[in-house]
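Structural overview for review
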Amino acid sequence: QVQMVEFGGGLVQAGGSLRLSCVASGRIFSTYNMGWFRQAPGNEREFVAAISRSGGNKYYADSLKGRFTISRENAKNTVYLQMNSLKPEDTAVYYCAADSSLSVREVPTAAPRYWGQGTQVTVSS
């Protein structure tokens with residue numbers, strides 16, 4: 001089992017940047033493929049980005065490529081989401097997710113087993 005806590009959300013103006021962090025505890029972090037998802041009010045949860053155990057493979061939602069970057073530091077049990085050129089439509093609760101059984105390719109469409117509590121990101125126009 002792994003527990004995760006997200007940090008770094010907040011209020012930012014359109015065009016600004018934020019970096020989210022997700023710190024995990026529990027079993028060996030490097031055995032988990034990780035993902036970021038988000039959910040805006042009234043919307044379904046949507047995939048944002050995923051990263052493989054070693055960090056060598058990354059996947060992004062097509063609409064976010066070029067603005068968001070996922071990375072991880074296994075020595076710190078942490079996965080990051082760097083968000084640049086933020087837009088009001090990026091406003092959502094952002095969640096990190098982990099799964100040791102899913103392949104990283106499956107993370108966007110399957111349901112990872114473990115989730116953080118989420119962090120609010122609000123982008124003002």
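Please refer to the structure placed before this passage.
Before going into details, it helps to say that this report is about the structure given with it. Keep in mind it's a predicted model, so treat the numbers as computed, not measured. In this convention, every chain numbers its residues from 1, walking through the sequence in written order. The model is predicted, so local features are restricted to residues of pLDDT at least 70 and side-chain atom pairs to those at 80 or more, both for listing and for counting; the totals for chains, interfaces and linings are taken over all residues. Working from all heavy atoms in the structure, the side-chain values ignore hydrogens and water.

Re the overall build of the protein chain
- Only DSSP runs of H or I covering at least 4 residues are called helices, and only runs of E covering at least 2 are called strands; the numbering of each starts at the N terminus. A tally of regular secondary structure across the protein chain gives 0 helices and 11 strands.
- In sequence order, the protein chain lays out its α and β elements as β-β-β-β-β-β-β-β-β-β-β.
- We compute the radius of gyration over the C-alpha atoms and compare it with the globule rule, which gives 2.2 Å times the number of residues raised to the power 0.38. Taken over C-alpha atoms, the radius of gyration comes to 13 Å for the protein chain, in line with the 14 Å a tight globule of 125 residues would show.
- Each principal axis of the C-alpha atoms in the protein chain carries an extent, and together these give about 40 × 25 × 25 Å.
- Relative accessibility thresholds used throughout: buried, under 20% of the residue-type maximum; exposed, over 50%; partly exposed, between the two (1.4 Å probe, protein chains only). Counting over 125 residues, the protein chain shows a buried share of 46%.
- Contact between two residues is taken to exist if any of their heavy atoms lie within 4.5 Å; hydrogens are not considered. Summarising the internal contacts of the protein chain: among those between residues at least 6 apart in sequence, 59% fall at separations of at least 24.
- Each accessible area is a Shrake-Rupley result for a 1.4 Å probe, and residues are judged covered by the shown protein chains and nothing else. Within the structure as shown, the protein chain displays about 6,300 Å² of accessible surface, and the carbon and sulfur contribution to it stands at 46%.
- Charge assignment in this entry is limited to Lys and Arg as positive and Asp and Glu as negative, and neither His nor the chain termini are counted. All charge positions are set by atom: Lys at NZ, Arg at CZ, Asp at CG, Glu at CD. Measuring between centres, the 13 positive side-chain charges of the protein chain sit 7 Å from its 9 negative side-chain charges.

Notes on the sheet that holds strand β3 (residues 18–26)
- Reading across from one edge, β1-β3-β8-β7 is the order of the 4 strands in this open sheet, with antiparallel pairing throughout. Taken across any chain shown, the strands that pair with only one partner, and hence form the sheet edges, are β1 (2–7) and β7 (68–73). Neighbour-to-neighbour, the strand axes of the sheet open up by a mean angle of 20°, direction not taken into account.
- In this scheme, strands are said to pair when DSSP sees at least two bridges between them. Judged from the 6 bridges that link them, β3 and strand β8 (residues 78–83) form a sheet pairing that is antiparallel. Bridging across to β8, L18 finds its partner in M83. The angle between two axes is taken between their N-to-C directions and runs from 0 to 180 degrees, where each axis is a line fitted to C-alpha atoms and a helix contributes only its stretch in contact.

Some remarks on the state of the cysteines
- Cysteine sulfur atoms are paired as a disulfide whenever they come within 2.5 Å of each other. Applying the stated criterion across every chain, the model contains 1 disulfide.
- Shown here is the disulfide that connects C22 with C96, its sulfur atoms set 2.0 Å apart. Residues C22 and C96 share a disulfide whose torsion about the S-S bond is about 50°; that sign makes it right-handed. Taken together, the residues C22 in strand β3 and C96 in strand β9 (residues 92–99) connect sequence positions 74 residues apart. The two residues C22 and C96 agree in class, both being buried.

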